Amino acid sequence: MEENKSLAFSGVALNPLYEVIIEDISKQHFTIVDNFLPLSLVNQLRINLVNKQAEDLLKKAAIGNRTNELISKSIRGDFIQWMDEKEAGPTEKLFFAELNSLIQYLNRTCFMGILHKEFHYALYPKGTYYQRHLDTFQNDDRRVLSMVFYLNEADWETKNGGDLVIYQPTETGEHALHIHPFPGRLVIFESQVLEHEVLPVLESERYSITGWLKTR
Ligand SMILES: O=C(O)CCC(=O)C(=O)O
Ligand SMILES: [Fe+2]
């Protein structure tokens, strides 16, 4: 990501959190933001997701993009529902408002040219996982940034498994960075650069919202 040093001339008020996000991504291709949204909002979003599950609205996730889908349980075992910003309820509106503010900042200060976004709820039942992959594999080279926002219960324990593992290339090979899916945590990474996987969920269910910021 190109970092623009002329913020002072862009008419955008400096946002320290967004600046950290931009610096992290430009240096290491990913960032981890804890408490991106208040826990009350995280809890409400999780309740939305659990209600969708109860109403049988979640579908087996597929490999591919929204229009070109192939279901393969051995690759990923999560259940999803795509979000529609136009149909968003009050909590989802707050979520999208935060997201749009970040997107606007990225576009104004880094000229990222993000024109589209697509987000879905995801639920990983116990025993499920998502094998190592690159998000742009999925028939979509317009994906620039991948975002995962975790909605797990406040008492989520690391023994529950379900870590996100990001593989960072190093001079000698690669480093596997394990990220616990703690509630309120947002992970952003470059979709075209970092391979990653979701380790098997060993206990409980794993809740999240996953999405992509896209160009063109
Ligand atoms: O839930 C996560 O931590 C990552 C999910 C993921 O990699 C994906 O949906 O493409
Ligand atoms: Fe992914």
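The coordinates are above.
Each chain carries its own residue numbering, running from 1 in the direction its sequence is written. Numbering of ligands from 1 and lettering of chains from A proceed in the order in which they are written. Totals for whole chains, interfaces and linings use all residues, but because this is a predicted model, local features are given only for residues with pLDDT of at least 70 and pairs of side-chain atoms are given and counted only at 80 or more. Water and hydrogen atoms play no part in the side-chain values, which are based on all heavy atoms of the structure.

Chemist: I'd like to hear about the environment of S101, residue by residue, with values.
Modeler: What counts as a helix is a DSSP run of H or I of at least four residues, what counts as a strand is a run of E of at least two, and both are numbered from the N terminus. Structurally, S101 can be placed in helix α4 (residues 90-110). The sequence separation of S101 and Y18 amounts to 83 residues, and the corresponding C-alpha distance is 9.7 Å. A distance of 2.5 Å separates polar atoms of two side chains, one belonging to S101 and the other to Y18. We call two N or O atoms a polar contact when they sit within 3.5 Å, provided that within protein one can donate a hydrogen and the other can accept it, with sequence-adjacent residues counted only if both atoms are side-chain atoms.

Chemist: Could you give me a rundown of the pattern of salt bridges, with the residues and numbers involved?
Modeler: Salt bridges are defined as contacts in which a side-chain nitrogen from Lys or Arg sits within 4 Å of a carboxyl oxygen from Asp or Glu. Evaluated as defined, the whole model comprises 12 salt bridges. Notably, a salt bridge pairs D34 with R185, separated by 2.6 Å at the nearest N-O pair. In this pair, D34 sits in the loop between β1 (30-33) and α3 (39-54) while R185 sits in the loop between β10 (174-179) and β11 (186-190), placing the two residues 151 residues apart along the sequence. Note that K159 is salt-bridged to E157, the shortest N-O span being 3.7 Å. The classification of residues rests on relative accessible area computed with a 1.4 Å probe and restricted to protein chains. Under 20% of the type maximum is buried, over 50% is exposed, and intermediate values are partly exposed. Its relative accessible area of 41% is what places E157 among the partly exposed residues. By sharing partners, the salt bridges in this structure join E118, R143 and K214 into a single network.

Chemist: Report on the coordination of the iron ion (ligand 2), specifying residues and quantitative values.
Modeler: Donor atoms are limited to N, O and S found within 2.8 Å of the metal ion, a distance that becomes 3.2 Å for Na, K and Ca. With water left out, some sites might look partial. Each protein donor to the iron ion (ligand 2) is listed here as H133 (NE2), D135 (OD) and H196 (NE2); together their distances run 2.0 to 2.1 Å. All donors to the iron ion (ligand 2) come from one chain, and their sequence spacing reads H-x1-D-x60-H. When sorted by exposure, H133 lands in the same class as D135, which is buried.

Chemist: Provide a residue-level description of the packing of α3 against α4, including the pertinent values.
Modeler: Simply put, an axis is a line fit to the C-alpha atoms, just over the touching stretch for a helix, and the angle between two N-to-C directions goes from 0 to 180 degrees. Contact geometry of α3 with α4 gives a least axis separation of 9 Å together with a crossing angle of 125°. The angle between the axes of α3 and α4 places the two elements in the oblique class. In the crossing of α3 with α4, the sense of the turn from one axis to the other is left-handed. In this structure, α3 contributes L41, Q44, L45, N48 and K52 to the contact, and α4 contributes T91, E92, L94 and F95. Looking at side-chain class alone, the contact of α3 with α4 contains 4 nonpolar, 3 polar and 2 charged residues. Angle categories: roughly parallel below 35 degrees, roughly antiparallel above 145, roughly perpendicular from 65 to 115, and oblique for all the rest. It is the rotation of the near helix from the far one that decides the hand of a crossing: anticlockwise by less than a right angle makes it left-handed, clockwise makes it right-handed. We call two residues in contact whenever any of their non-hydrogen atoms come within 4.5 Å of each other. Following the grouping adopted for this structure description, the nonpolar residues are Ala, Val, Leu, Ile, Met, Phe, Trp, Tyr, Cys and Pro, the charged ones are Asp, Glu, Lys and Arg, and the polar ones are all others, Gly among them.

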